[in-house]
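An overview of the molecular structure
Now for the letters of each chain:
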Amino acid sequence: MKEDLGIRIKELRIKQGLTQVDFAKRLGYKHPSIISEIESGKKGLSANKLPLVANVLGVDINSLFFVQIVHEMRIDVNSA
(Lines give C-alpha, C1' and ligand atoms only; values in the text may rest on other atoms or scores of the structure.)
Protein backbone atom coordinates (compact mmCIF):
# COMPACT_ATOMS: atom_id res chain seq x y z
CA MET A 1 0.00 0.00 0.00
CA LYS A 2 2.81 2.44 0.87
CA GLU A 3 4.46 1.68 -2.46
CA ASP A 4 1.25 2.29 -4.43
CA LEU A 5 0.67 5.57 -2.61
CA GLY A 6 4.28 6.59 -3.18
CA ILE A 7 4.07 5.85 -6.89
CA ARG A 8 0.85 7.85 -7.17
CA ILE A 9 2.35 10.79 -5.27
CA LYS A 10 5.38 10.78 -7.56
CA GLU A 11 3.18 10.72 -10.68
CA LEU A 12 1.12 13.64 -9.42
CA ARG A 13 4.19 15.60 -8.26
CA ILE A 14 5.80 15.29 -11.67
CA LYS A 15 2.53 16.19 -13.39
CA GLN A 16 2.43 19.38 -11.28
CA GLY A 17 6.03 20.18 -12.29
CA LEU A 18 7.31 20.02 -8.71
CA THR A 19 10.79 18.88 -7.82
CA GLN A 20 11.31 16.80 -4.70
CA VAL A 21 12.92 19.86 -3.11
CA ASP A 22 9.92 22.11 -3.85
CA PHE A 23 7.45 19.44 -2.76
CA ALA A 24 9.31 18.83 0.50
CA LYS A 25 9.33 22.56 1.31
CA ARG A 26 5.59 22.88 0.64
CA LEU A 27 4.94 19.93 2.95
CA GLY A 28 7.10 21.41 5.69
CA TYR A 29 9.93 18.87 5.54
CA LYS A 30 13.46 20.09 6.20
CA HIS A 31 15.13 17.49 4.01
CA PRO A 32 13.94 16.58 0.50
CA SER A 33 15.26 13.03 0.87
CA ILE A 34 12.06 12.19 2.76
CA ILE A 35 10.14 12.63 -0.50
CA SER A 36 12.28 10.00 -2.20
CA GLU A 37 11.66 7.64 0.70
CA ILE A 38 7.89 8.23 0.55
CA GLU A 39 7.77 7.80 -3.23
CA SER A 40 9.72 4.54 -3.05
CA GLY A 41 7.52 3.16 -0.28
CA LYS A 42 10.30 3.10 2.32
CA LYS A 43 8.41 5.57 4.50
CA GLY A 44 4.73 6.19 4.91
CA LEU A 45 2.79 9.36 5.52
CA SER A 46 0.90 10.18 8.66
CA ALA A 47 -2.85 10.52 8.25
CA ASN A 48 -2.70 14.20 9.20
CA LYS A 49 -0.24 14.89 6.34
CA LEU A 50 -2.45 13.40 3.61
CA PRO A 51 -4.78 16.43 3.22
CA LEU A 52 -1.76 18.70 2.80
CA VAL A 53 -0.22 16.36 0.22
CA ALA A 54 -3.48 16.30 -1.74
CA ASN A 55 -3.78 20.08 -1.54
CA VAL A 56 -0.21 20.70 -2.74
CA LEU A 57 -0.75 18.24 -5.60
CA GLY A 58 -4.08 19.86 -6.51
CA VAL A 59 -6.16 16.70 -6.11
CA ASP A 60 -8.88 15.32 -3.89
CA ILE A 61 -7.49 13.11 -1.13
CA ASN A 62 -9.31 10.09 -2.59
CA SER A 63 -7.34 10.54 -5.81
CA LEU A 64 -4.21 9.55 -3.92
CA PHE A 65 -5.65 6.09 -3.37
CA PHE A 66 -8.36 5.21 -5.86
CA VAL A 67 -7.32 6.36 -9.33
CA GLN A 68 -5.67 3.08 -10.26
CA ILE A 69 -8.71 1.07 -9.17
CA VAL A 70 -11.00 3.23 -11.29
CA HIS A 71 -8.62 2.88 -14.23
CA GLU A 72 -8.55 -0.92 -13.84
CA MET A 73 -12.35 -1.01 -13.64
CA ARG A 74 -12.59 0.96 -16.90
CA ILE A 75 -10.31 -1.53 -18.62
CA ASP A 76 -12.43 -4.46 -17.39
CA VAL A 77 -15.67 -2.83 -18.53
CA ASN A 78 -14.28 -1.92 -21.94
CA SER A 79 -12.87 -5.39 -22.59
CA ALA A 80 -16.16 -7.13 -21.81
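1. Focus: the packing of aromatic side chains
Summed over all chains, the structure comprises zero aromatic pairs. When the ring centre of Y29 is taken as reference, the NZ or CZ atom of K49 above it lies at 4.5 Å.

2. So, the packing of helix α2 (residues 20–27) against helix α4 (residues 50–57)
Each pair of packed helices can be described by the angle between their axes along with the distance between the axes. The contact between α2 and α4 brings their axes to 10 Å, and the two run at 130°. Of the possible angle classes, the one that applies to α2 and α4 is oblique. α2 and α4 meet at a crossing whose hand is right-handed. Taken together, the residues of α4 that come into contact with α2 (itself represented by F23, R26 and L27) are L52, V53, V56 and L57. Its residues assigned to classes, the contact of α2 with α4 comprises six nonpolar, no polar and one charged.

3. Description of α2
For α2, every residue scored as buried is listed here: F23, A24 and L27. The arc that holds every buried residue of α2, seen down its axis, measures 100°, which confines them to one face. Summarising the geometry of α2, the exposed residues directed more than 90 degrees from the buried face are K25 and R26. In the stretch just after α2, G28 is the one whose phi turns positive, near 90°.

The rules behind these values
Residues numbered from 1 in each chain as written. Predicted model: local features only at pLDDT ≥ 70, side-chain atom pairs only at ≥ 80, totals over all residues. Heavy atoms only, no water. Phe/Tyr/Trp six-rings, centres within 6.5 Å; stacked < 30°, edge-to-face > 60°. Lys NZ or Arg CZ within 6 Å of the ring centre and 35° of its normal. Axes fitted to C-alpha atoms, helices over the stretch in contact; angles between N-to-C directions. Helix = DSSP H or I, 4+ residues; strand = E, 2+ residues; numbered from the N terminus. Parallel < 35°, antiparallel > 145°, perpendicular 65-115°, else oblique. Left-handed = near helix turned anticlockwise from the far one by under 90°. Contact = heavy atoms within 4.5 Å. Nonpolar A, V, L, I, M, F, W, Y, C, P; charged D, E, K, R; others polar. Buried < 20%, exposed > 50% of the residue type's maximum accessible area, 1.4 Å probe, protein only. Arc of directions from axis to C-beta.

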